[in-house]
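Single-letter residue listing:
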Amino acid sequence: MTDRTVSTGLWDRLTWWSVALVFLFFLTLPLWFHEEYYLHALVNVFIHSMVAIGLRLLWRTGLVSFGTAGFIAIGGYAAGLLSRDLGISFWLSLPLGGCAAAVFAVAIGIPTLRLKSSYFFLISWATGEIIRLSFLYLFIPVFGGWQGFRKIPPPDTIIIPGILLIDFSQKVHWYYLALFLLCVSAFIMLRIDYSRIGTTIGALFDAPDLCEAVGVPTMAYRVFAFATACFMAGVAGAVYGSFNTFLHPESFTIIQSIETVSYVIIGGASTVWGPILGVFVVKGIAMSVRGIGAYEIILAGALMILVMIFIPEGLSGLPRRIRRYVTRRRVKESMESQHGD
């Protein structure tokens, strides 16, 4: 076993231990920290993280969507309509909201994912705007138009007699629900990454022409990635709508889609944890400069530019850079010592 193999194994173990410690921290956070404002903010962070790790899968095919906010809206409005107007339980409307977004993504993706990335960017942006304007101006008696979609019910209370009562009128219960859904989303993405599908999707990013030349059905993989990303966006929209009990089309503009892209760029798309890190960094900056309006977007944009210039692989790539630096230093010191002898 070489030193390089041992070093790689050590870094991998450190990464997983770090993830485990971070998970333990957030799992126990409400037990010793009861500030509802920050619990509310963390629920929104977890919701945005679900969207970001879904978009990461599409990013790995070499494409990026600037209409993600529209698919969040589809999931939110679909789930809200099912639970508020049809009386369907939140626990069933949640996946159905994701499925509605995924079905719409497949319908849009089949004719458009064959296009080059620049054209797909324009079409995704236009699609997001069409979705937003449809909820704003069409079917106003159903979706509320400018008045918004109101009185979305919370999830049904979970009762385990004598053991547990989960009432979603409390922020802490929303916190654990959002954390659980984020963990499920991350687990699904990890399973995809380590499957043949994930390996092929990674190859699409590195060598799309070669993949097509050897007979890989690139279109099918791109549709799968797009539908999966939009399914997660739809589920996040369903949670967002029920959590806030209110939806408005102006909450799903191109600005929100660009923010989602910034999470992936800043955090990095090489790992599942990268976009989650990106959400925490961007949202942390937004909270620290809260109240200065458009400067929040400017700061996020500036950070995205700096990361793209100096750390193209994203902040999650910093440990890998440090590992390479340490390895080079060791090799250099070893060669110098041998030369001295």
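The rules behind each value
- Residues numbered from 1 in each chain as written.
- Predicted model: local features only at pLDDT ≥ 70, side-chain atom pairs only at ≥ 80, totals over all residues.
- Heavy atoms only, no water.
- Core = buried A, V, L, I, M, F, W, Y, C linked by side-chain atoms within 4.5 Å.
- Buried < 20%, exposed > 50% of the residue type's maximum accessible area, 1.4 Å probe, protein only.
- Helix = DSSP H or I, 4+ residues; strand = E, 2+ residues; numbered from the N terminus.
- Contact = heavy atoms within 4.5 Å.
- Domains from an automatic or database assignment.
- Buried area = accessible area lost by both parts, 1.4 Å probe.
- Salt bridge = Lys/Arg side-chain N within 4 Å of Asp/Glu carboxyl O.
- Polar contact = N/O pair within 3.5 Å; in protein donor to acceptor, adjacent residues only side chain to side chain.
- Phe/Tyr/Trp six-rings, centres within 6.5 Å; stacked < 30°, edge-to-face > 60°.
- Lys NZ or Arg CZ within 6 Å of the ring centre and 35° of its normal.

1. Some remarks on the nonpolar core
Grouped together as the largest cluster of nonpolar side chains are 82 residues, with contacts concentrated most on Phe46, Ile53, Phe71, Tyr77, Tyr175 and Phe226. The element contributing the most residues to this core is helix 10 (residues 218-244), with 14 residues. Residue contacts for Ile53: discarding those within four places in its chain leaves Leu182, Ser185, Ala186, Met189, Met232, Val272, Pro275 and Ile276.

2. Some points on the domain arrangement of the protein
Domain boundaries in the protein define domain 1 (1-33) and domain 2 (36-252). Between the C-alpha centres of domain 1 and domain 2 the distance comes to 28 Å. Each side of the interface is counted separately: domain 1 has 8 residues, and domain 2 has 10 residues. Taken together, both faces of the contact between domain 1 and domain 2 bury some 730 Å²; the carbon and sulfur share is 81%. Its largest share of buried area at the contact with domain 2, domain 1 owes to Phe26, Pro30 and Phe33, together 56% of the area lost on that side. The interface formed by domain 1 and domain 2 includes 0 salt bridges. At the junction of domain 1 with domain 2, the criterion picks out 2 residue pairs in polar contact (both at pLDDT 80 or more).

3. Let's talk about the pattern of salt bridges
As enumerated under the stated definition, the model contains 5 salt bridges in all. In this structure, Arg84 engages Asp85 in a salt bridge whose closest nitrogen and oxygen atoms are separated by 2.7 Å. Residue Arg84 is classed as partly exposed on the basis of its relative accessible area of 30%. With a shortest N-O distance of 2.5 Å, Glu250 and Arg132 are connected by a salt bridge. Residue Glu250 is found in the loop between strand 4 (246-247) and helix 11 (254-267), and its partner Arg132 is found in helix 5 (residues 117-137); the two are separated by 118 residues along the sequence. In this structure Arg132 comes out as buried when scored by relative accessible area, which is 12%. The network of salt bridges with common partners includes Arg56, Arg60 and Asp193.

4. Here's the deal with unusual backbone geometry
One non-glycine residue with positive phi stands out, namely Lys151, at about 60 degrees. Turning to its location among the elements, Lys151 is positioned in the loop between strand 1 (149-150) and strand 2 (158-160). Overall, the relative accessible area of 73% leaves Lys151 in the exposed class. A positive phi angle is found at Thr245, which is not glycine, with a value near 60 degrees. Within the secondary structure layout, Thr245 lies in the loop between helix 10 and strand 4. The class for Thr245 is partly exposed, based on a relative accessible area of 37%.

5. Thoughts on the packing of aromatic side chains
Within the structure shown, the criterion is met by 26 aromatic pairs. The interplanar angle of 65 degrees and the centroid separation of 6.4 Å between the aromatic rings of Trp32 and Phe33 together place this pair among those described as edge-to-face. Classification of Phe33 as partly exposed rests on a relative accessible area of 28%. Through successive ring pairs, a cluster of aromatic residues spans Phe25, Phe26, Trp32, Phe33, Tyr37, Tyr38, Phe46, Tyr175, Tyr176 and Phe280. Across from the ring centre of Phe149, 4.0 Å away, lies the NZ or CZ of Arg84, which sits over that ring.

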